[in-house]
Amino acid sequence: MNNKVKLENKDLYIKPYISPREENYYLITKNEIKSMQSNKLINDIFLMFFSMLFGTFITISLTILCYPDMIPEIKQILVVCKWISLGFSVLFIILSIIYFFITGSIIKGITSKQVSFNSEDDSEYIQPLRDLE
């Protein structure tokens, strides 16, 4: 009994390919790091305030809808609070978006920096290993 399998079409085989790993290094200053960290912190604070105020808007809206026979003075106060919380939540989400784009522009500025070495200028600093022996 012959247990060997004969494979005829070798184009269907899996072909190994190892792609080279690419690493990018960017030069960054301490000021850029501090700027990104502070913008991220401010953005998180704005998002927290947006979340709380929008939650307040939804809660007040549901309270007004659930109690239609509410005292008119209390309902008027709740309506004013509802619209104030919506207005401030829109303000904080706009500020958050602005700081998000500011941080993105800082990162884009960092990644667009080009670092090149001129072999004529740096020849005394960059030497092949075989010349150092």
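Basis of the calculations
Residues numbered from 1 in each chain as written. Predicted model: local features only at pLDDT ≥ 70, side-chain atom pairs only at ≥ 80, totals over all residues. Heavy atoms only, no water. Axes fitted to C-alpha atoms, helices over the stretch in contact; angles between N-to-C directions. Helix = DSSP H or I, 4+ residues; strand = E, 2+ residues; numbered from the N terminus. Parallel < 35°, antiparallel > 145°, perpendicular 65-115°, else oblique. Left-handed = near helix turned anticlockwise from the far one by under 90°. Expected span 1.5 Å × (residues − 1). Contact = heavy atoms within 4.5 Å. Patch = residues over 30% accessible without salt bridge, like charges linked within 9 Å, V, L, I, M, F, W, Y side chains within 5 Å. Areas by Shrake-Rupley, 256 points an atom, 1.4 Å probe, with all protein chains shown as cover. Salt bridge = Lys/Arg side-chain N within 4 Å of Asp/Glu carboxyl O. Buried < 20%, exposed > 50% of the residue type's maximum accessible area, 1.4 Å probe, protein only. Phe/Tyr/Trp six-rings, centres within 6.5 Å; stacked < 30°, edge-to-face > 60°.

Visitor: I would appreciate a short explanation of the packing of helix 1 (residues 30-66) against helix 2 (residues 72-111) in the present structure.
Guide: A packed helix pair is summarised by two numbers, namely the angle formed by the two axes and the spacing between the axes. Contact geometry of helix 1 with helix 2 gives a least axis separation of 7 Å together with a crossing angle of 155°. As the angle between them shows, helix 1 and helix 2 are arranged roughly antiparallel. Two packed elements cross with a definite hand, and for helix 1 against helix 2 that hand is left-handed.

Visitor: Which parts of the structure should I look at to understand helix 1?
Guide: Because the α-helix completes a turn every 3.6 residues, residues three or four places apart line up on one side. Look at helix 1: 54 Å from first C-alpha to last across 37 residues, which is about the 54 Å you get at 1.5 Å a residue. Of the surrounding elements, those touching the buried residues of helix 1 are helix 2.

Visitor: What's the story with a nonpolar patch on the surface in this structure? I'm lost.
Guide: A contiguous nonpolar surface patch, about 450 Å² in accessible area, is contributed by Leu41, Ile45, Met48, Phe49 and Met52. For Ile45, the position within the fold is in helix 1.

Visitor: What is the right way to look at the environment of Ile42 in this model?
Guide: Its location among the elements puts Ile42 in helix 1. Once the C-alpha coordinates of Ile42 and Leu95 are considered, the two residues, 53 residues apart in sequence, prove to be 9.3 Å apart.

Visitor: What am I meant to see in helix 2 here?
Guide: When the terminal C-alpha atoms of helix 2 are compared, their 58 Å separation across 40 residues agrees well with the 58 Å that a helix rising 1.5 Å per residue should span. Looking only at helix 2, the buried set comprises Leu78, Lys82, Ser85, Ser89, Phe92, Ser96, Thr103, Ile106 and Ile110. Tucked into the core, helix 2 has its buried residues touching helix 1.

Visitor: Looking at this model, I keep getting lost on the side chain of Ser96. Mind explaining?
Guide: In this structure, Ser96 sits in helix 2. Given a relative accessible area of 5%, Ser96 falls into the buried group. Excluding residues within four positions of it along the chain, Ser96 makes contact with Asn43, Phe46 and Leu47.

Visitor: What exactly am I supposed to notice about the packing of aromatic side chains here?
Guide: Aromatic ring pairs are defined here through the distance separating the ring centres and the angle between the ring planes. Under the counting rule described, the total for this entry stands at 7 aromatic pairs. Ring geometry for Phe50 and Phe54: centres 5.7 Å apart, planes at 20°, overall stacked. Placement of the pair is Phe50 and Phe54 together in helix 1, with a separation of 4 residues, close to one helical turn. Here Phe50 falls in the partly exposed class, since its relative accessible area comes to 24%. Grouping aromatic residues by their ring pairs yields a cluster made of Phe46, Phe49, Phe92 and Tyr99.

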